[in-house]
Amino acid sequence: MGYKETAMAIARELGIMAADDKALSGAELDALSEERFSTEVEQIAVYARVSPSHKVRIVKALKEKGKIVAMTGDGVNDAPALKGADIGCAMGITGTDVAKEASDLILTDDNFSTIVTAVKEGRTIYDNIRKAVTFLLSSNIGEIVTLLVAILVGWKAPLLAIHILWINLITDSFPAIALGLEPSEKGLMTQKPRQPETPILGDGLARLIILQGVMIGALSLTAFRIGQQTDLVTARTMTFITLSLSQLIHSYNVRSRSLSLFKLGFFKNHYLNLGVMASLVSLFTVYFVPPFRDIFKLTLLSWTSFLTCVGLSLLTLVIMESVKSRYNVTK
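Residues numbered from 1 in each chain as written. Predicted model: local features only at pLDDT ≥ 70, side-chain atom pairs only at ≥ 80, totals over all residues. Heavy atoms only, no water.

**Student:** Give me the overall build of the protein chain: which residues, what numbers.
**Tutor:** When helices and strands are tallied, the protein chain shows 15 helices and five strands. A compact globule built from 331 residues would reach a C-alpha radius of gyration of about 20 Å, whereas the protein chain, at 27 Å, exceeds it by more than 25%. Going through the 331 residues of the protein chain one by one, you find that 41% of them count as buried. Considering only contacts within the protein chain whose residues lie at least 6 apart along the sequence, 63% involve residues at least 24 apart. Counting every atom, the protein chain has about 17,900 Å² of accessible surface; 64% of that belongs to carbon and sulfur. Looking at charge distribution, the protein chain has the averaged site of its 33 positive side-chain charges lying 9 Å from that of its 30 negative ones. (Helix = DSSP H or I, 4+ residues; strand = E, 2+ residues; numbered from the N terminus. Rg over C-alpha atoms; globule rule 2.2 N^0.38 Å. Buried < 20%, exposed > 50% of the residue type's maximum accessible area, 1.4 Å probe, protein only. Contact = heavy atoms within 4.5 Å. Areas by Shrake-Rupley, 256 points an atom, 1.4 Å probe, with all protein chains shown as cover. Lys, Arg positive; Asp, Glu negative; His and termini not counted. Charge placed at Lys NZ, Arg CZ, Asp CG, Glu CD.)

Put into structure tokens, the structure is as follows:
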């Protein structure tokens, strides 16, 4: 059995090569013109006995097709291919200094399975950054919508400066930090590589954040309008509680863009549960303890008004669950 046949047998056993995929040896690659190789490169799953110059040619052809290319290597001659790939990975133990210098990533244990772990960790970190940013921006847009709309229609300010400061320091910060520690989502490793030029708020995320912010703002304004039927202090208290609870509940929504919270599980992110609990304790301390309530210029609500705030806040979960359900149906 030749090198090519051996490589194909190993690739099939590992699940790298499908039935309709092709294999190519270094000699066969030399015989192909650039045009022919460019046409067939996406169908070639296995290469056998290729030289460093072949690696450069493979990297170039795949990148011209818009693929995200990773390359491993350890020798001096591998440096051009490592440098040309989107992600160059050099061996930390057996790799030369030249290869390490040309790489983006150094595999300290020379174990290829570590690459899988590193990719998963990197994707999880990037995903969690997006979640934290989504939560913070949508929450702050909700605050802006609440204040801006009230000013435009000629209402009194729904929130005082101390309310906004408290929400930004307590309600926003704890959940945002906890979202950065969210466990990996199912199917994370089956996703296609992200294009390097894609912005962090790309793929429709910016539009989604704006809509979520408008949702939170609309619910807060509804609470304010209901409270105005009593007096201004009651209206501001209802707005403060509704906005705070809406943001805390919304932190659970952003744990996944497509998966239902009921499938994801409420208790997998213990840090988020602790962060939300700490924020709730702070909220109810401000609301129930008279000295703090006086500082924040709040008032005790009737049970009907308080439950109205809770019901409006829970609508953030109902709305987002409906959006996720629709997303999964139309996807």
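More follows now that the structure is in view.
**Student:** So what about the side chain of Ser-25? Which residues, and what values?
**Tutor:** Note that Ser-25 resides in strand E1 (residues 22-25). When sequence neighbours within four positions are dropped, the list of residues in contact with Ser-25 reads Lys-4 and Ala-48.

**Student:** Which residues make up helix H8 (residues 161-171), and what are the values?
**Tutor:** Since there are 3.6 residues in each turn of an α-helix, residues three or four apart along the chain are aligned in direction. His-163, Trp-166, Ile-167, Ile-170 and Thr-171 are the residues of H8 that are buried. Along the long axis of H8, the arc covered by the buried residues comes to 100 degrees, so they all point the same way. In H8, the exposed positions angled more than 90 degrees off the buried face are occupied by Ala-161, Leu-165 and Leu-169. Tucked inside the fold, the buried residues of H8 contact helix H7 (113-152), helix H9 (173-179), helix H11 (232-253) and helix H13 (270-288). (Arc of directions from axis to C-beta.)

**Student:** Break down the environment of Leu-280 for me, citing the residues and quoting the values.
**Tutor:** Note on placement: Leu-280 falls in helix H13. In sequence terms Leu-280 and Thr-171 are 109 residues apart; their C-alpha atoms lie 8.3 Å from each other. Setting aside anything within four residues of it in sequence, one finds Leu-280 in contact with Leu-245 and Leu-248.

**Student:** Summarise the environment of Val-281; cite the residues concerned and give the values.
**Tutor:** Inspection of the secondary structure puts Val-281 in helix H13. Exposure remark for Val-281: the relative accessible area of 48% places this residue in the partly exposed category. Considered as a pair, Val-281 and Gly-15 are 266 residues apart in the sequence and their alpha carbons are 52 Å apart.

**Student:** Residues and numbers for unusual backbone geometry, please.
**Tutor:** The backbone of Asp-110 shows a phi angle near 55 degrees, a positive value even though the residue is not glycine. Mapped onto the elements of the fold, Asp-110 is located in the loop between strand E5 (105-107) and H7. Positive phi, normally seen in glycine, also occurs at Asp-203, with a value near 60 degrees. Relative to the assigned elements, Asp-203 resides in the loop between H9 and helix H10 (205-227). The class for Asp-203 is exposed, based on a relative accessible area of 62%.

**Student:** Let's hear about the confidence of the model for the protein chain: which residues, and what values?
**Tutor:** When pLDDT is low, close inspection of the predicted coordinates is not appropriate. Mean pLDDT for the protein chain: 90, with 98% of residues reaching 70 or above. By mean pLDDT, the top-scoring element of the protein chain is H11 (96), and the lowest-scoring one is helix H12 (residues 261-264) (86). (pLDDT = per-residue confidence, 0-100.)

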